[in-house]
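Below are the chains, spelled out letter by letter.
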Amino acid sequence: MSLPSKINTSIRMSVAKRKLESRKIELRDGNPLEQWGLAKIKNDIKNNKELKELFGQKEPDKNDIQEYKLFKFRELIAYALENSPYYRDLYTSADIYPSNIRSYKDLEQVPLTEQEELANKPYHFLCVSRKDIAREFTSSGTTNMLKRMAYTQGELLEIVDSVISGLKMAGMDSKADTLQIMYPTITATWDPGLVLSKACDLAGYSSVINDSMDVHEQMNTIKEAGTTIIIGTSSFLYEISKQIRELVKPGEMGIKRIICSSEPLTEDMREEIENAWGCKTLRQWGMTELGLANAIECEHQNGFHLNNPDFLAEIIDPKTGKILPPGEKGELVVTTLRRKCMPLIRYRTRDITSLIDEPCNCGACLDQRIGDIERLVA
Ligand SMILES: [Zn+2]
């Protein structure tokens, strides 16, 4: 890289760094992911006249956040009607307007977005001009359908911000920890390892990538980098854990947290990994279409905490489309409340789970979490 472009990159890095809300969250303030979400919501309220009138200066409680999300949903419907060829056609023919949505029950009127539609005509979902796209990703996800997603620079930064908040919630402390990223390169259709490493750079966290299946190589990297937290796909970490169990005692490698992502993790697998390393293992859930880092467990392992300000989650009966109450199992349907490039509205994830409405033992109490996740069998 030439000197001028190096300087440019570092200026861009420092500008981006300042925009990261997650860097301002102190660990002592409560659940970092919830605090980060709250800070973003409060910023939105401060900068929007209607929201300001609705909520005033008071600290938003759980009901306010539900109201805020409905407001953002209506705003998104209006935006999609204006900018997305796909949603304009869909909503015009279904007679859907922002004013239809007065309560959560009203969401049922809004047609669901099927994964096939996104796979078949991705650019019909695009709401900005091509020159505003910073990056595009293609992923088959879990359903073998190739889906193309585009993000603006600002959205990529928001994703980085949510990744950092999630890592903070998982116990990462910028000064003391190093994250070892163990994604096998073969699955990296959207480079989750690189996204993570970039996120760490921006937030001032230390990270190292090693995708080797050789347990000795992984152990060497752990020692050399002083790794304290590991993240990778569930199956990869499970295999490495079975090998490490034969070589070292639990706790000997100094790992304090393991994060399993991209694939389901059974309780038996979790137990095996925790016994091998002698530390808690947290599950993370995300979809490329939704921006990868969508929900993660806290150390209490009591459901996945969602990135609160980014998503509106619903559980529906996959056969009837009826919205189900918290605690009942059904298909997870997600709306990306803040995306401007390719927002998805009532997107069917094909994952089966339930909403948890009670506060978590970590103190988070402002939003719902999602429970164990199973795949929907068609
Ligand atoms: Zn929690």
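Bear in mind the structure is a predicted one, so any value in this text is a computation, not a measurement.

Cut-off values and rules
Residues numbered from 1 in each chain as written. Predicted model: local features only at pLDDT ≥ 70, side-chain atom pairs only at ≥ 80, totals over all residues. Axes fitted to C-alpha atoms, helices over the stretch in contact; angles between N-to-C directions. Helix = DSSP H or I, 4+ residues; strand = E, 2+ residues; numbered from the N terminus. Parallel < 35°, antiparallel > 145°, perpendicular 65-115°, else oblique. Contact = placed C-beta atoms within 7 Å. Nonpolar A, V, L, I, M, F, W, Y, C, P; charged D, E, K, R; others polar. Pairing = 2+ DSSP bridges. Core = buried A, V, L, I, M, F, W, Y, C linked by C-beta atoms within 7 Å. Buried ≥ 20, exposed ≤ 12 C-beta atoms within 10 Å, placed from the backbone.

### A few points about the packing of helix H7 (residues 153–169) against helix H8 (residues 192–203)
One can describe the packing of H7 onto H8 by two numbers: an axis separation of 9 Å at closest approach and a directional angle of 80°. By the angle between their directions, the pair H7 and H8 is classed as roughly perpendicular. Two secondary-structure elements touch here, H7 through Val160, Val163 and Ile164 and H8 through Leu196, Lys198, Ala199, Leu202 and Ala203. Across the contact of H7 with H8, the residue classes tally to 7 nonpolar, no polar and 1 charged.

### Focus on the sheet that holds strand S13 (residues 355–356)
Spatial strand order, S4-S3-S5-S6-S7-S8-S9-S14-S13: 9 strands in an open sheet with mixed pairing. Every interior strand has two partners, whereas the edge strands, strand S4 (206–209) and S13, have only one. Bridging between strand S3 (residues 178–182) and strand S5 (residues 229–233) involves 4 bridges; their strand directions are parallel. Counterpart to Gln180 in the pairing with S5 is Ile230. Sheet strands in contact with H8 are S3, S4 and S5, and its direction is about 160° off that of S4. Its contacts with the sheet place helix H11 (residues 267–277) against strand S6 (257–261) and strand S7 (280–285), and it is angled at close to 135° to S7.

### As for the nonpolar core
Core analysis: the largest hydrophobic core is formed by 85 residues, its most contacted members being Ala199 and Ile258. With 7 residues, H7 is the single largest residue contributor to this core. Each residue touching Ile258, except ones within four places of it in the same chain, is listed here: Ile230, Leu237, Ile273, Trp277, Cys279 and Thr281. Counting residues in hydrophobic clusters, the runner-up holds 9 residues, among them Leu38, Ile45, Phe71 and Ala364.

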